[in-house]
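Coordinates in review
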Amino acid sequence: MSLTERLRRLIAASGPIPVGEYMALANAHYYATRDPLGAGGDFTTAPEISQMFGELTGLCLADAWDRAGRPEGISYVELGPGRGTLAADALRAMRAAELSPPVELVETSPTLRAQQAERLPAVRWHDDVATLPEAGPLLVVANEFFDALPARQLVRAGEGWHERVVDVEGDRFVPEAGRPMPGSALPAHVREAPEGSILEVSPAAAAIVRQLAQRLVRQGGVALIVDYGHARTAAGDTLQAVRGHLYADPWMEPGENDLTVHVDFEALGAAAEAEGVRVLGPVTQGAWLTALGIDARAAALAAAAPARAEEIEAAHARLTAPEQMGTLFKVMALAAPAWPDPAGLA
Ligand code: SAH
């Protein structure tokens, strides 16, 4: 039975479901059943555009480890590693900096685990962050991971907020303002948003950030969170569906499109800070990569392969230019109390 049919029966039997549940079921099906990345897939990510992204990420982590006094027992941890491209590039760059940590991947998709196994020889997989190694500092990377986690949508209605739910009409799913819910936990500057405003909250994302922060406090290390989103909590419906590199209707064919929301960095930062880590940034991806030396890396790659110079320059621009990924994408770091600030986030 298709996911559409399963959701239709579920809603017919027990009523409309919250948007967050719809997103969770759709994305679990979507990622479990395909490799969505690259030119022939649905979307492309920074590490798939150029090796420079993973290399600079690896160097940033190795530099933080070096300035922390080169502690033993380090693990490289990646959340939602896709095809394993970022990890492969980061680990190569870290090896050059004398760091070769064991690799721990948090990944639920069997299809993508198979891809990762091809690119990364010896890794351990985890269904969630709870089973990561309990000892030794963690160097954590998450690129375009948090945007795929389910978000609840709250709708401003009258004096309070309702949780947006999904009903079914024919072969189409339709969102509607559902049950009233308390809004007291919302940040002050969004609590009084005008009638009809939509606010997205992701308890799933906040829970993972809290667990990571607790681990960093106990074990040491840093985490780099890269995603598209806003630096401050803001009202707005950012749920979007992408398929074949084009926007699609998020309410049609759940599980066949990539569903994402903008990441609320203010909310994630607050969740992390409450656990005792330092939060750096967010800064724009363009500023971060530039501070880490992407201009010099692009020039070196082009000098080594003149025939590819144009392609390398195009990738450089795509990763850093404000009208491309440079500004919408942001980087936030979490640092354990005794660890230095990762480079590029000032
Ligand atoms: N970081 C990669 C892939 C981004 S796509 C890149 O930049 O290319 C999102 C990734 O997160 C995929 O690997 C997907 O399978 C994984 N993912 C999505 N939801 C997840 C969840 N709840 N738990 C673990 N992994 C998840």
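Check the entry above for the structure.
Read on for an overview of the structure.

The rules behind the values
- Residues numbered from 1 in each chain as written.
- Predicted model: local features only at pLDDT ≥ 70, side-chain atom pairs only at ≥ 80, totals over all residues.
- Heavy atoms only, no water.
- Pairing = 2+ DSSP bridges.
- Helix = DSSP H or I, 4+ residues; strand = E, 2+ residues; numbered from the N terminus.
- Axes fitted to C-alpha atoms, helices over the stretch in contact; angles between N-to-C directions.
- Salt bridge = Lys/Arg side-chain N within 4 Å of Asp/Glu carboxyl O.
- Buried < 20%, exposed > 50% of the residue type's maximum accessible area, 1.4 Å probe, protein only.
- Arc of directions from axis to C-beta.
- Contact = heavy atoms within 4.5 Å.
- Near = heavy atom within 4 Å.
- Polar contact = N/O pair within 3.5 Å; in protein donor to acceptor, adjacent residues only side chain to side chain.
- Areas by Shrake-Rupley, 256 points an atom, 1.4 Å probe, with all protein chains shown as cover.

**Notes on the sheet that holds strand β13 (residues 258-260)**
Reading across from one edge, β12-β11-β13 is the order of the 3 strands in this open sheet, with antiparallel pairing throughout. On the outer flanks of this sheet lie β12 (246-248) and β13, each paired with one strand and no other. Ignoring which end each strand starts from, the neighbouring axes of this sheet average 40 degrees apart. In this sheet, β12 lies alongside strand β11 (residues 240-243) in antiparallel orientation, the contact comprising 3 bridges.

**Some points on the pattern of salt bridges**
Here the structure, examined in full by the defined rule, presents 20 salt bridges. Ionic pairing is found between Glu104 and Arg124, a salt bridge with its closest N-O pair at 2.5 Å. Of the two residues, Glu104 sits in strand β3 (residues 103-106) while Arg124 sits in strand β4 (residues 123-126), which places them 20 residues apart along the sequence. For Glu104, a relative accessible area of 1% gives the class buried. On the basis of relative accessible area, Arg124 is assigned to the partly exposed category, the value being 49%. For Asp237, the salt bridge identified is with Arg164, shortest N-O distance 3.4 Å. Of this pair, Asp237 sits in the loop between β10 (221-230) and β11 while Arg164 sits in strand β7 (residues 160-169), and the two are 73 residues apart along the sequence. On the basis of relative accessibility, which here comes to 14%, the residue Arg164 falls in the buried class.

**What about helix α11 (residues 294-304)?**
For α11, the complete set of buried residues consists of Ile294, Ala298, Leu301 and Ala302. Mapping the buried residues of α11 onto a view down its axis gives an arc of 100 degrees, with all of them on the same face. Exposed residues on α11 whose side chains face more than 90 degrees from its buried face are Ala296, Ala303 and Ala304. Buried-residue contacts for α11 involve α4 (51-67), α10 (285-291) and α12 (309-320).

**Describing the site of the ligand**
Residues in contact with the ligand amount to 16 residues; listed here are only the nearest, Thr45, Gly80, Gly82, Glu107 and Asn143. Thr45 has a polar side-chain atom sitting 2.5 Å from an oxygen atom of the ligand. Interatomic distance of 2.8 Å between a side-chain N/O atom of Asn143 and an oxygen atom of the ligand. The protein chains hide 90% of the 570 Å² of surface that the ligand would expose on its own.

**Section: the side chain of Asn257**
Locating Asn257 in the fold gives a position in the loop between β12 and β13. Using a relative accessible area of 3% as the deciding quantity, one classes Asn257 as buried. Of the polar contacts made by the side chain of Asn257, one reaches the side chain of Arg243; its length is 3.3 Å. Polar side-chain contacts of Asn257 include one of 3.2 Å to the backbone oxygen of Met252. Filtering out sequence-adjacent residues up to four positions away, Asn257 remains in contact with Asn27, Tyr30, Ala241, Val242, Arg243, Ala248, Asp249 and Met252.

Take it as geometry only, folks, not as evidence of what the structure does.
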